[in-house]
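# Breakdown of the fold
Here is what each chain is made of, one letter per residue.
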Amino acid sequence: MTAYKPGDPTTINRLYGRAKGKPLRAGQQDLVDNLLPQIAVPADGEITAERLFGYDRPLHFEIGFGGGEHMAGRADMLPDHGFIGAEPFVNGVAQALVHVAGDRHLAKEGGERLPLGNVRIHHGDALEVLRRIPDGALSFAYLLHPDPWPKARHAKRRMMNDGPVDLIAAKLKPGGEFRFGTDHPIYLAHALMVMRRHRHQFEWQAKDAQDFLVRPGGWPETRYEAKARAQGHEVWYFRWRRK
Ligand SMILES: C[S@@+](CC[C@H](N)C(=O)[O-])C[C@H]1O[C@@H](n2cnc3c(N)ncnc32)[C@H](O)[C@@H]1O
């Protein structure tokens, strides 16, 4: 692994694990083949709201969106904003595409799942895309239930580390928000240590001592979070404001 040099995002390593799981269902494969190319983040060059969505608008970036529930939920809440999500796991991408495509049949019957026009997806490493977003361009960055890598010798693989956090800090505009959720006590302690090192860049938005125990409004539940709760785990929520 290359050692991380502060200020040099090219020294941040790619961090993800598995890229494939069960074979995709025919409908999902169809979305990967036909919808993904239409809404994929361009393979190179700068990534701006104008380039992706045709005009300037607040930009949100989700790292490792899993099945895309949170990204799609937020995009549905904020139709005038632009959402970029990155996920290397193809089964997750396929599930997210189902949310993005909506369900025209249900929609015709007055159902709620209309297609989302404000989502762009990168099937791959979030950091590769994040590097190509201009500094100060993001209004929100989300890191929800990142892979825990619980063994101490794997701590460098965690997404919450100095390199990625410096990169997120660079890309957020002043006043922009970094949201993080986890149910993993080792990751929680690690994340708080990392964020304490980055207190010159971020300010914790807690309103009271209970703040991190309660899911804030405008924070749709992810699949991983629902599973954690079903297993009786506590889930912790953090919002940091970019100084
Ligand atoms: C435990 S899952 C959580 C998924 C989702 N955020 C949720 O809460 O349901 C962690 C996700 O991070 C993704 N991931 C790992 N490394 C990544 C990277 N470098 N870029 C983007 N996603 C990554 C994994 O593929 C996995 O889907």
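Every value quoted in this text rests on a predicted model; they were computed, and no experiment measured them.

Attention now goes to the packing of aromatic side chains. Under the criterion given, the structure shown has 11 aromatic pairs. Look at Phe178 and Trp240: their rings are 5.7 Å apart centre to centre, the planes differ by 35°, and that puts the pair in the tilted class. One end of the pair, Phe178, is in strand β5 (residues 172-182); the other, Trp240, is in strand β7 (residues 236-242), with 62 residues separating them in the sequence. On the basis of relative accessibility, which here comes to 0%, the residue Phe178 falls in the buried class. An aromatic cluster is built from Phe178, Phe180, Tyr187, Phe202, Trp204, Phe212, Phe238 and Trp240, whose rings are joined through pairwise contacts. When the ring centre of Phe140 is taken as origin, the NZ or CZ atom of Arg74, which lies over that ring, is 5.1 Å away. Over the ring of Trp149 we find Arg157, and its NZ or CZ is 4.8 Å from the ring centre.

Let us look at helix α8 (residues 162-171). With eight of its 10 residues buried, α8 lies for the most part within the structure. Residues of α8 that are buried: Gly163, Pro164, Val165, Asp166, Leu167, Ile168, Ala169 and Lys171.

Among the 19 residues in the neighbourhood of the ligand, the closest are listed as Gly64, Glu87, Asp125, Leu144 and Thr222. At 2.8 Å from a nitrogen atom of the ligand is found a main-chain nitrogen or oxygen belonging to Gly64. Tyr224 has a polar backbone atom sitting 3.1 Å from an oxygen atom of the ligand. Considering the ligand on its own, with 590 Å² of exposed area, one finds that the protein chains cover 91% of that surface.

Once that is clear, we can look at the sheet that holds strand β1 (residues 59-63). The mixed open sheet is built from seven strands, whose spatial order is β3-β2-β1-β4-β5-β7-β6. Strands at the two margins of the open sheet, each flanked by one partner only, are β3 (119-122) and β6 (202-204). Averaged over all pairs of adjacent strands, the angle between strand axes in this sheet comes to 20°, irrespective of strand direction. Bridging between β6 and β7 involves three bridges; their strand directions are antiparallel. From the neighbouring strand, Trp204 faces β7, where its bridge partner is Trp240.

Cut-offs applied
- Residues numbered from 1 in each chain as written.
- Predicted model: local features only at pLDDT ≥ 70, side-chain atom pairs only at ≥ 80, totals over all residues.
- Heavy atoms only, no water.
- Phe/Tyr/Trp six-rings, centres within 6.5 Å; stacked < 30°, edge-to-face > 60°.
- Helix = DSSP H or I, 4+ residues; strand = E, 2+ residues; numbered from the N terminus.
- Buried < 20%, exposed > 50% of the residue type's maximum accessible area, 1.4 Å probe, protein only.
- Lys NZ or Arg CZ within 6 Å of the ring centre and 35° of its normal.
- Near = heavy atom within 4 Å.
- Polar contact = N/O pair within 3.5 Å; in protein donor to acceptor, adjacent residues only side chain to side chain.
- Areas by Shrake-Rupley, 256 points an atom, 1.4 Å probe, with all protein chains shown as cover.
- Pairing = 2+ DSSP bridges.
- Axes fitted to C-alpha atoms, helices over the stretch in contact; angles between N-to-C directions.

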